[in-house]
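# Architecture at a glance
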Amino acid sequence: MLPSVYAFAAQKVKPEFILISVAGWSIFLFGLIFETVADYQKTKFRQNPENKDKFITTGLWSLSQHPNYFGEIVLWYGLLIAVIPYFQSITNVLFALLSYTYSSTDNIFVGCSNVKKRQVLKSGEIMQNT
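The following paragraphs examine the structure supplied in this document. Throughout this description, residue numbers start from 1 for each chain and increase along the sequence as written. Restriction of local features to residues with pLDDT of at least 70 applies here, the model being predicted, together with a cutoff of 80 or more for giving and counting side-chain atom pairs; totals for whole chains, interfaces and linings are based on all residues. To get the side-chain values, all heavy atoms of the structure are used, and hydrogens and water are removed first.

### What to know about the environment of Leu29
Rule in force here: Numbering of helices and strands starts at the N terminus; helices are DSSP runs of H or I of at least 4 residues and strands are runs of E of at least 2. Throughout this description, buried means an accessible area under 20% of the type-specific maximum (1.4 Å probe, protein chains only), exposed means over 50%, and partly exposed covers the range between.
Along the chain, Leu29 falls in helix H2 (residues 15–47). For Leu29, a relative accessible area of 46% corresponds to the partly exposed category.

What follows is the structure in structure tokens.
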């Protein structure tokens, strides 16, 4: 948030741009909290010896197989939205959006599939909820 405050103080910016930045930081904070809670829930689940080689299906994990990835993706898009007012041209915004989209797609299709493969190899079963 500090970069936004500095940039808005250093230059004259239209008030609607301040709202865009605040919305982006709010989305960033939501994603950060979502990812942190998902990681905390999984850590607590793994600490219980009865849950060895089991899938977590409670809390945020009852909504998705990878809520921590969802939180991370939301976090990064929130950051992108927060800094949009600082870009000098629409080309810069499009390149940043393309970069974030590639990173998110890679995270979803490569990262999640690798986790799923490890889960199958480890437990011999695959979780069905998405």
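### A look at the nonpolar core
Going by this rule: By nonpolar core we mean a set of buried residues, namely Ala, Val, Leu, Ile, Met, Phe, Trp, Tyr and Cys, connected to one another through side-chain atoms within 4.5 Å.
Listed in full, the eight residues of the largest apolar core are Trp25, Phe28, Leu75, Leu79, Leu80, Ala82, Ala96 and Tyr100. Elements represented by at least two residues in this core include exactly H2, helix H3 (67–83) and helix H4 (90–123). Looking at this core, the element that brings in the most residues is H3, giving four residues. Formed by six residues, the second largest nonpolar core is a distinct cluster that contains Ala38, Phe45, Leu60 and Trp61.

### Regarding a nonpolar patch on the surface
Going by this rule: Here, patches come from residues exposed beyond 30% relative accessible area and free of salt bridges, joined within 9 Å for like charges and within 5 Å for nonpolar side chains (Val, Leu, Ile, Met, Phe, Trp, Tyr). Only the protein chains shown count as cover for residues, and the accessible areas themselves come from Shrake-Rupley with a 1.4 Å probe. Salt bridges are counted wherever a side-chain nitrogen of Lys or Arg sits within 4 Å of a carboxyl oxygen of Asp or Glu.
Taken together, the side chains of Leu29, Leu32, Ile33 and Val37 present a nonpolar region at the surface, about 310 Å² in accessible area. Position of Leu32 relative to the elements: it lies in helix H2. Residue classification places Leu32 among the partly exposed residues on the basis of a relative accessible area of 35%.

### Section: the environment of Asp39
Mapped onto the secondary structure, Asp39 falls in helix H2. With a relative accessible area of 31%, Asp39 lands in the partly exposed category. Taking the C-alpha atoms as reference points, Asp39 and Trp61, separated by 22 residues in sequence, lie 9.8 Å from one another.

### Describing H2
Our working rule: To estimate the expected span of a helix, subtract one from its residue number and multiply by 1.5 Å.
Between its first and last C-alpha atoms H2 spans 48 Å; for 33 residues at 1.5 Å apiece the expected length is 48 Å, and the two agree. All of the buried residues in H2 are Ser21, Gly24, Trp25, Phe28, Gly31, Phe34, Glu35, Ala38 and Phe45.

### Let's talk about the packing of H2 against H3
Rules: To define axes, lines are fitted to C-alpha atoms, for helices over the stretch in contact only, and angles between the resulting N-to-C directions are given on a 0 to 180 degree scale. Should an angle fall under 35 degrees it is called roughly parallel, over 145 degrees roughly antiparallel, and 65 to 115 degrees roughly perpendicular, with every other angle called oblique. Left-handed describes a crossing whose near helix is turned anticlockwise from the far helix through less than a right angle; right-handed describes the clockwise counterpart.
For the pair H2 and H3, interaxial distance at closest approach is 7 Å and the crossing angle is 165°. Viewed along their axes, H2 and H3 adopt a mutual orientation that is roughly antiparallel. By crossing handedness, the relation of H2 to H3 is classed as left-handed.

### Considering unusual backbone geometry
Trans is the common state for peptide bonds, and a negative phi is the common state for residues other than glycine. With a phi angle near 60°, Asp53 is a residue other than glycine that sits in the positive phi range. A relative accessible area of 36% means that Asp53 is categorised as partly exposed.

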